[in-house]
Amino acid sequence: MGTLNAANTMIQAAESGYHGPSMAEFFPAAFLFEGTPFEMNRVMLIRVIATVAVVVLLAVWAKRMKLVPGRFQSAMELAMEFVTVGIAEDTFGKERAKKFMPLIVAIFFGILFWNVTKLIPFLNMPGTGVIGLPIVLTLTVYVTYHWAGIAEKGLGGYLKDSLILPGVPWPMHILLIPIEFITKFITQPFTLAIRLFANMMVGHLLLVLCFSATTFFLVDAANGFQFFSIVTFAGGFFVFILEMLIVVLQAYIFALLSCVYINAAISEDH
Amino acid sequence: MTPELILASAKNPLLPAWYDIIWSAICLLIVFLVVWKYVLPAFNKTLDERAERIQGGIEKAEKVQAEADQALAEYQKQLADGRAEAARLRAEAQEEGAQIIANMKTQAHAESERIVAQAQTQIEAERQTAMVQLRSEVGTLATDLASRIVGESLTDDQRSANVVDRFISDLESQSSAQPVKGA
């Protein structure tokens, strides 16, 4: 915390000048339970708010569900079918998808809402921009696919299926088994977590960079530099539109890759 | 943004704090439980009900269609039967009518022949009777008339005319009093 405070003092020292984006934004000061494992800061609060929002939305939808849908229900059904059919059933097949459906749906809608807070005024921070949430999501998927593979084939069968590629001359296995092991047990989860985290963090930093520069050029910069505020604002606006796409895309990619990894673990063939 | 500022936070962004993990796990768990226990069952139930309703509607429509087809076929069959029956009855009636007319003709022919024959017989009989009667009476009449004519004064024309008139009226009354034989 000491270093964080030091960063804050530095920011304050630079108050009169340009406010650049800072990693400190992802680790704001705690306001509840400081020092405990339940320490609550601004980012954690944003996660909780997004969680409440997605739970309320889904619950209200489920509660008011009718045989003949209205507009709200139709739109939600469309979104839900995008996940259940477009992501899960297309990867697993209809029967096997049922078992993993709650996880995939929770992952998609959860990530979508935890991402989208970065675009909402006054929140302005992705819940997935701090590494804890991507790690928890990835661990959940990681445990699920190993567990499902072992449940399906037994420990030996699962390891054999996932590490030994069929139809390869045996000396090649000296090379391939470590590669497969690294892929399945290290690279896949690592990339899954980092992809989401880095996208969200960098997107936020880009937005802050563009809009803080706009403010700087407009308010603090010397006369004649005001023009650049138009450029930086246009850049920020472009990034904002791009981020609208990315928040959905990252939720989609995470859910889809989760399906692909689980399916690879339980499938007979490669 | 200066590199020093980022480094100053000295927080490795890839190493999570415990509170970060805990809050993430709580949030994910809540979303997962709500989706698993409430949202997906409700969604699947609605989809199943909807599919069932649509399926039921289709089946019902098919049933109604089949019933209608069957009823139509039945009506057409009944109609065809009715037509055939009517045609049969008409043919029968025509045949029967022709039969009746033929019978009547035969009967009428026979009757007319019978009547004609009877009339001829009767006429013949009456003629015979008249002939016999005439034969038996002509002689008597002639003698009777002659005797009367002789018995009366032949000078009196008036009387003579009365005699003849009386004779004739006697003749008439005699023939009317005596019924015709064979009538």
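Above this text you will find the structure in question.
About the criteria used
- Residues numbered from 1 in each chain as written.
- Chains lettered and ligands numbered in written order.
- Predicted model: local features only at pLDDT ≥ 70, side-chain atom pairs only at ≥ 80, totals over all residues.
- Helix = DSSP H or I, 4+ residues; strand = E, 2+ residues; numbered from the N terminus.
- Buried ≥ 20, exposed ≤ 12 C-beta atoms within 10 Å, placed from the backbone.
- Contact = placed C-beta atoms within 7 Å.
- Nonpolar A, V, L, I, M, F, W, Y, C, P; charged D, E, K, R; others polar.
- Core = buried A, V, L, I, M, F, W, Y, C linked by C-beta atoms within 7 Å.
- Expected span 1.5 Å × (residues − 1).
- Bend = angle between axes of the 7 residues up to and from the residue.

## Section: the overall build of chain B
The number of helices and strands found in chain B is 3 helices and 0 strands. Listing each helix as α and each strand as β along chain B from the N terminus yields α-α-α. Residues classed as buried in chain B amount to 8% of the 183 residues present.

## Overview of the interface of chain B and chain A
In this assembly, 37 residues from chain B lie in contact with 44 residues from chain A. Elements that contribute at least two residues to the side of chain B that touches chain A include exactly helix H1 (3-9) and helix H2 (18-151) of chain B. It is H2 of chain B that provides the largest number of residues to the side of chain B that touches chain A, a total of 25 residues. The residue makeup of the side of chain B that touches chain A, split by class, is 28 nonpolar, 4 polar and 5 charged.

## So, the nonpolar core
Residues and elements named next belong to chain A. Of all hydrophobic cores here, the largest spans 78 residues; its most connected members are Ile 104 and Phe 108. By residue number, the principal contributor to this core is helix H4 (residues 94-116), which donates 15 residues. Sequence-distant contacts of Phe 108, that is, excluding residues within four places in its chain, are made with Val 83, Ile 87, Ala 251 and Ala 255.

## So, helix H3 (residues 71-92) of chain A
Given 3.6 residues per helical turn, the α-helix brings residues three or four places apart onto the same face. Residues and elements named next belong to chain A. Here H3 is 22 residues long and its end C-alpha atoms lie 30 Å apart, about the 32 Å a rise of 1.5 Å per residue gives. The largest bend along H3 measures about 30° and falls at Glu 81. Along H3, the residues classified as buried are Met 76, Met 80, Val 83, Thr 84, Ile 87, Ala 88, Thr 91 and Phe 92. Backbone geometry just after H3 places Gly 93 at a positive phi near 90°.

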